[in-house]
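Report on the structure
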Amino acid sequence: MEEYAREPCPWRIVDDCGGAFTMGAIGGGIFQAIKGFRNSPVGVNHRLRGSLTAIKTRAPQLGGSFAVWGGLFSMIDCSMVRMRGKEDPWNSITSGALTGAILAARNGPVAMVGSAAMGGILLALIEGAGILLTRFASTQFPNGKEPAEDVS
Amino acid sequence: LPASLGRGCLGRWLLATRAWALLGTGAGSCSCLRWRHQPPLLLRAARQSIGTQAGGLKAAKPGGDSKDVSVQRALNEETLVSAAQKVKEAGRDFTYFIVVLVGIGVTGGLFYVIFKELFSSSSPNKIYGDALEKCRSHPEIIGVFGDSIKGYGEATRRGRRQHVSHIEYIKDGLKHMRLKFYIEGTESGKQGTVHVEVKENLETGRFKVRYIFVDVETYPRRTIVIEDNR
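In short, a report on the structure. (Residues numbered from 1 in each chain as written. Chains lettered and ligands numbered in written order. Predicted model: local features only at pLDDT ≥ 70, side-chain atom pairs only at ≥ 80, totals over all residues. Heavy atoms only, no water.)

A look at the overall build of chain B
Counting its secondary structure elements, chain B contains seven helices and six strands. Secondary structure elements in chain B, listed N-terminal to C-terminal, are α-α-α-α-α-α-α-β-β-β-β-β-β. For chain B, with 230 residues in total, the buried portion stands at 40%. For chain B, the proportion of contacts with a sequence separation of at least 24, taken over those separated by at least 6, is 46%. Surface exposure of chain B reaches about 13,100 Å², of which carbon and sulfur atoms provide 60%. (Helix = DSSP H or I, 4+ residues; strand = E, 2+ residues; numbered from the N terminus. Buried < 20%, exposed > 50% of the residue type's maximum accessible area, 1.4 Å probe, protein only. Contact = heavy atoms within 4.5 Å. Areas by Shrake-Rupley, 256 points an atom, 1.4 Å probe, with all protein chains shown as cover.)

Structure below.
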């Protein structure tokens, strides 16, 4: 239990924000490279320059929006953990819903509710996948039963 | 008729270029072979069906608009949207249908897992929550750990500690489950391990607690028993 010298939670926010930015930037870079390549005039030089321009303009935008999502989600998650004192899948689902709601706040309350539902459902799916994976991985090593009855 | 003948001759040349261009996609290959052996009257149908088919392919729409247009034109002339193309359309639709089904199945499975985890009373998470509540309201625990008690499970790679380690086994025909999680209080550095065992109660179908005890990581080790129904 002493693997982490400090509480993971405050530092996890920065970690998640950076990770999300990297994901968005790399994914957006690949996508925009292909798109810029295809939407350029004929000729390899034109196409390469077109894809480079597309990457330079669009990929940081996508990375930025991913980073905002990730950072906000992690912040709300850590705050809920601190408030409730318990680490649950419920924290993640509520954090996802709140993140979706906050990021759609400019578009009015109805859009906030819709975005919150989408964020919550997305995170519920991710949590379900995570739980499935951990259960699957832990049942790979069957243990039988341990009758280690401690006397009180 | 002569107009169509004239257009047919021109159309044949146009078809040559376009059909060769479409050869790579494969859709034009059968139509390329077809138009060689046809009377020019039917060339118009072929050309229009190929044209719309090409437009449909380039727009990457799976037969939505192009199918409508080619069906309309084919109704006007001979039905020349051949069986090969119909089979291809059907095959594509079928593949998409299978993909949609697989997606719905996976999503439904994930939802089922998360609902069972969060809402069913026999899930490890629920038992962990109940045991934590009992720990929080126990005076001895409060005395050792302080007022606000945090509970968490096993640490994964990223530092999230949501997974509570548990083992399920069957003994005497009843399901038992053992859990282990950690608690930490505001008193500096005091950590404890909580061991919980529950047994399935056959009448109600829910789990009944067999024992809950806490190992406090002090020296000498202290064990606080919260509940013992063995």
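Observations concerning the pattern of salt bridges
Per the stated rule, a full pass over the model turns up seven salt bridges over all chains. A salt bridge links Asp 88 of chain A to Arg 84 of chain A; the shortest N-O distance between them is 3.3 Å. Here Asp 88 of chain A falls in the buried class, since its relative accessible area comes to 3%. For Arg 84 of chain A, a relative accessible area of 29% gives the class partly exposed. Among the ionic pairs, Arg 136 of chain B bridges to Glu 133 of chain B, the shortest N-O distance being 3.4 Å. In this pair, Arg 136 of chain B and Glu 133 of chain B are both assigned in helix 6 (residues 124-136), three residues apart and thus about one turn of the helix distant. Classification of Arg 136 of chain B as partly exposed rests on a relative accessible area of 22%. Residue Glu 133 of chain B is classed as partly exposed on the basis of its relative accessible area of 42%. (Salt bridge = Lys/Arg side-chain N within 4 Å of Asp/Glu carboxyl O.)

Looking at the packing of aromatic side chains
Per the stated rule, a full pass over the model turns up seven aromatic pairs over all chains. Taken together, the aromatic side chains of Trp 90 of chain A together with Phe 111, Phe 115 and Phe 119 of chain B make up a single cluster linked through ring pairs. Just above the ring of Phe 37 of chain A sits the side chain of Arg 47 of chain A; from NZ or CZ to the centre is 5.6 Å. The side chain of Lys 86 of chain A reaches across the aromatic face of Tyr 128 of chain B, ending 5.7 Å from its centre. (Phe/Tyr/Trp six-rings, centres within 6.5 Å; stacked < 30°, edge-to-face > 60°. Lys NZ or Arg CZ within 6 Å of the ring centre and 35° of its normal.)

Observations concerning the packing of helix 3 (residues 89-103) of chain A against helix 4 (residues 108-138) of chain A
Residues and elements named next belong to chain A. It is the contact of helix 3 with helix 4, at a shortest axis distance of 7 Å, that shows an interaxial angle of 150°. Comparing the axis directions of helix 3 and helix 4 gives the class roughly antiparallel. Taken as a pair, helix 3 and helix 4 cross one another with a handedness that is right-handed. On helix 4, the residues that touch Pro 89, Ser 92, Ile 93, Gly 96, Ala 97, Gly 100 and Ala 101 of helix 3 are Met 112, Ser 115, Ala 116, Gly 119, Gly 120, Leu 123, Ala 124, Glu 127 and Ile 131. When grouped by side-chain class, the residues that make up the contact of helix 3 with helix 4 number nine nonpolar, six polar and one charged. (Axes fitted to C-alpha atoms, helices over the stretch in contact; angles between N-to-C directions. Parallel < 35°, antiparallel > 145°, perpendicular 65-115°, else oblique. Left-handed = near helix turned anticlockwise from the far one by under 90°. Nonpolar A, V, L, I, M, F, W, Y, C, P; charged D, E, K, R; others polar.)

Quick word on the environment of Arg 84 of chain A
On the secondary structure map, Arg 84 of chain A appears in helix 2 (residues 44-84). If we skip the residues at most four places from it in the chain, Arg 84 of chain A touches Trp 90 and Asn 91 of chain A together with Arg 136 of chain B. Within the structure, Arg 84 of chain A has its side chain in polar contact with the side chain of Asp 88 of chain A (distance 3.3 Å). (Polar contact = N/O pair within 3.5 Å; in protein donor to acceptor, adjacent residues only side chain to side chain.)

Concerning the nonpolar core
Counting residues in hydrophobic clusters, the biggest one holds 24 residues, and the most contacted among them are Ile 141, Phe 145, Phe 181, Ile 183, Val 194, Val 196 and Val 214 of chain B. Elements represented by at least two residues in this core include exactly helix 6, helix 7 (139-145), strand 3 (174-184), strand 4 (191-200), strand 5 (207-216) and strand 6 (222-228) of chain B. The residues contacting Val 194 of chain B, other than those within four sequence positions of it, are Cys 135, Leu 179, Lys 180, Phe 181, Ile 183, Ile 212, Phe 213 and Val 214 of chain B. Formed by six residues, the second largest nonpolar core is a distinct cluster that contains Ile 93 and Ile 131 of chain A together with Val 113 and Leu 118 of chain B. (Core = buried A, V, L, I, M, F, W, Y, C linked by side-chain atoms within 4.5 Å.)

Quick look at the pairing of strand 4 of chain B
All names here are of chain B. With eight of ten residues buried, strand 4 lies mostly within the body of the structure. Note: strand 4 against strand 5, nine bridges, orientation antiparallel. Bridge pairing in strand 5 places Lys 199 opposite Lys 208. Remark: six residues form the turn of the hairpin made by strand 4 and strand 5, two consecutive strands paired antiparallel; Gly 205 in that turn has positive phi of roughly 80°. (Pairing = 2+ DSSP bridges.)

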